[in-house]
Amino acid sequence: MDTRVAPGLRPLTELFSMSPEKKLKITALAGGVGASKLLLGLYQVMDPRLLTIIVNTGDDIVLHGLKISPDLDIVTYTLAGVVDSARGWGFRSETFHSLKRLAGYGRSNWFNLGDRDLATHIHRTALLAEGKTLSQAADSIRTALGVKSRILPMSDDPVPTIIDSNEGPLHFQEYLVKRRAEPVVQGIRFEGADSARPTPGVLEAIHDADRIIICPSNPLISIGPVLAVPYVRELLRARREKVFAVCPIVGGKSLKGPSDKMLAQLGHQPTALGVAKLYADFTGAFVIDPADKAQVTAISALGMKVAILPTVMKTLSQKRKLARALLQL
Ligand code: FO1
């Protein structure tokens, strides 16, 4: 038998020998860095062509006339194996000559756009100017980088996340990167969400999935915007038994970013239980770390099944292990 394969494709023999759980059609809801760890695990342990990722675009921002989509890029670069894994965003071994020159022209440089990363933003902005949609641009970028899973922005319409803070309204990137999450959060708005349309394929991907995974992302500003797109939350509710959410808080601390601080400032408990309360209406199974097993009874009382699995993913082996366990649950 000829088992030769084109570069990047798995040998047919490997697909036939896959266990049934690896053939499940999976749809994941994702933010950026935290989500990408689990997504990389899933990408490696299942047939990646059966994985569809719906990504938050509330973090998108226009800088220097360029459309930047940080979470789409983080997910794409991670699955393509080109991400700077220490930072979790941007290209590995990146240089910043263009940004220095831009600063020399008096332009702001608080958002670190690397030289190769800039090519992505130029390409995306050019496609949009040529009349293409954000999802067509995302597809062009992921296929060029050899990513086999479908990556869908939650909406082709802009839905910027605005943080109402003690310093006034701030775009999410201004709050997170420019102001280093120091302002006190008083409210969060997803501007334009009410009239935004889900990207073509988003509702179908939720409807047709064998399993829907909510990645361990910030529930307020990464998963929150996706849920705010019309019909998404309602459809998840209708498919609740198929929805598995991985908690992004372990032992009262965020796995990544300021989730714990933001939850507390907005009056939620910065705990697994606090996140479970935000997800209970559309989640059938809630995955927590062994460190939080004391909260099982309280979470179960919300009407969800609870699974205890190690959710801290520092190594590739931990990412693959959690992914495999999620497929086998
Ligand atoms: N995060 C930072 O903390 N500082 C940066 O300068 C920065 C630049 C950046 C450039 C491109 C990109 O795709 C992501 C970038 N991020 C940066 C990450 C990003 O701000 C956030 O982590 C996500 O938006 C939250 O998911």
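What counts and what doesn't
- Every chain is numbered on its own, with residues counted from 1 as its sequence reads.
- Only residues with pLDDT of at least 70 are given local features in this predicted model, and only at 80 or more are side-chain atom pairs given and counted; all residues enter the totals for whole chains, interfaces and linings.
- Where side-chain values are given, they derive from all heavy atoms of the structure, hydrogens and water being excluded.
- Confidence of the predictor at the level of single residues is given by pLDDT, which spans 0 to 100.
- Two residues form a contact once any of their heavy atoms are found within 4.5 Å.
- If even one non-hydrogen atom of a residue comes within 4 Å of a molecule or strand, that residue is called near it.
- In protein, a polar contact requires one atom able to donate a hydrogen and another able to accept it; more generally it is a pair of N or O atoms within 3.5 Å, and residues adjacent in sequence count only if both atoms are side-chain atoms.
- All accessibility values rest on the Shrake-Rupley procedure with a 1.4 Å probe; residue burial counts only the protein chains present in the view.
- Here a strand pair is declared whenever DSSP counts at least two bridges between the two strands.
- Secondary structure elements follow DSSP: runs of H or I of four or more residues count as helices, runs of E of two or more count as strands, with numbering from the N terminus.
- To obtain each axis, a line is fitted to C-alpha atoms, and for helices this fit is confined to the stretch in contact; angles are then taken between N-to-C directions over 0 to 180 degrees.
- Pairing of aromatic rings covers Phe, Tyr and Trp, the last through its six-membered ring, and needs centres within 6.5 Å; plane angles under 30 degrees mean stacked, over 60 mean edge-to-face, and all others mean tilted.
- The buried label applies to any residue whose accessible area, calculated with a 1.4 Å probe on protein chains only, is under 20% of its type's maximum; exposed applies above 50%, and partly exposed to all values in between.
- Cavity and pocket criteria rest on a 1 Å grid covering protein atoms alone: a 1.4 Å probe that fits but cannot get out defines a cavity, protein on both sides within 12 Å along at least 5 of 7 lines defines an open pocket, and an atom within 4 Å of a point defines a lining residue.
- Grid points are joined across faces, edges and corners, and a volume is the space filled by probe spheres set on the points.
- As a working rule, the residues Ala, Val, Leu, Ile, Met, Phe, Trp, Tyr, Cys and Pro are called nonpolar, Asp, Glu, Lys and Arg charged, and the rest polar, with Gly in that last group.
- Note on terminology: a nonpolar core comprises buried Ala, Val, Leu, Ile, Met, Phe, Trp, Tyr and Cys residues joined through side-chain atoms within 4.5 Å.

S.K.: How should the confidence of the model for the protein chain be read in this particular structure?
M.R.: Regions with low pLDDT should not have their predicted coordinates read in detail. Of the residues in the protein chain, 95% have a pLDDT of 70 or more, and the chain-wide mean is 94. Note that pLDDT drops below 50 for residues 1–9; the model gives that stretch 8 contacts with residues more than four away or on any other chain.

S.K.: When you look at the site of the ligand in this model, what are you seeing that I'm missing?
M.R.: Taken together, Gly32, Asp59, Pro70, Asp71, Trp89, Trp110, Phe111, Asn112, Asp117, Gln173, Leu176 and Val177 make up the full set of residues near the ligand. Within the contact set of the ligand, an oxygen atom lies 2.6 Å away from a side-chain nitrogen or oxygen of Asp59. In this structure, Gln173 approaches the ligand through a side-chain N or O atom, which is 2.8 Å from an oxygen atom. Considering the ligand on its own, with 540 Å² of exposed area, one finds that the protein chains cover 87% of that surface.

S.K.: Honestly, the sheet that holds strand E13 (residues 285–288) in this entry has me stumped. Any pointers?
M.R.: Strand-to-strand pairing in sheets goes through backbone hydrogen bonds, with the strands running parallel or antiparallel. An order of E5-E2-E1-E9-E10-E13-E14 is seen for the 7 strands of this open sheet, with the pairing classed as parallel. With partners counted over all chains shown, the strands left at the sheet margins are strand E5 (150–153) and strand E14 (305–308), one partner each. Strand-to-strand, the axes of this sheet are offset by a mean angle of 20 degrees, without reference to chain direction. By the bridge criterion, 4 bridges tie strand E1 (residues 26–30) to strand E9 (residues 211–214) in an arrangement that is parallel. Within E9, the position partnered with Ala28 by the bridge is Ile213.

S.K.: Explain the packing of aromatic side chains to me, please; I cannot follow it from the model alone.
M.R.: Each aromatic ring pair is summarised here by two numbers: the centre-to-centre distance and the angle between the ring planes. Taken as a whole, this structure holds 5 aromatic pairs when the rule is applied. Aromatic pair Tyr77 and Phe91: ring centres 4.2 Å apart, planes at 35 degrees, arrangement tilted. You can see Tyr77 sitting in helix H3 (residues 70–80) and its partner Phe91 sitting in the loop between H3 and helix H4 (97–104), a full 14 residues away along the chain. This pair shows no difference in class: Tyr77 is buried, exactly as Phe91 is.

S.K.: Help me out: how do you make sense of empty space enclosed by the protein in this one?
M.R.: One way to see where empty space is left: roll a probe the size of a water molecule over the atoms. On inspection of all chains with the given rule, the structure shows 1 cavity of 30 Å³ or more. Considering only enclosed or pocket space, the largest cavity measures out at about 30 Å³ in volume. What lines the largest cavity is Arg87, Trp89, Gly90, Phe91, Glu94, Phe96, Asn112, Gly114 and Asp117. Considering only residue class, the lining of the largest cavity consists of 3 nonpolar, 3 polar and 3 charged.

S.K.: Is there a simple way to explain the nonpolar core in this structure?
M.R.: Side chains that are nonpolar tend, in soluble globular proteins, to be buried together. By size, the foremost hydrophobic cluster in this structure holds 44 residues, and its most contacted members are Leu29, Leu236 and Phe286. Once residues lying within four places of it in the same chain are set aside, the contact partners of Leu29 are Ile54, Ile212, Ile213, Ile214, Cys215, Ile223, Val226, Leu227 and Leu236. In this structure, Leu38, Leu42, Leu51 and Leu322 belong to the second largest nonpolar core, which totals 34 residues.

S.K.: Looking at this structure, I do not really get unusual backbone geometry. What am I missing?
M.R.: Comment: phi is negative for the bulk of residues other than glycine, and the bulk of peptide bonds are trans. A positive phi is found at His64, a non-glycine position, where the angle reads about 55 degrees. If you trace the backbone, His64 turns up in the loop between strand E3 (61–63) and strand E4 (66–68). Residue classification places His64 among the partly exposed positions, given a relative accessible area of 22%. Non-glycine residue Arg180 carries a positive phi angle of around 50 degrees. Positionally, Arg180 belongs in the loop between helix H7 (172–178) and strand E8 (185–190).

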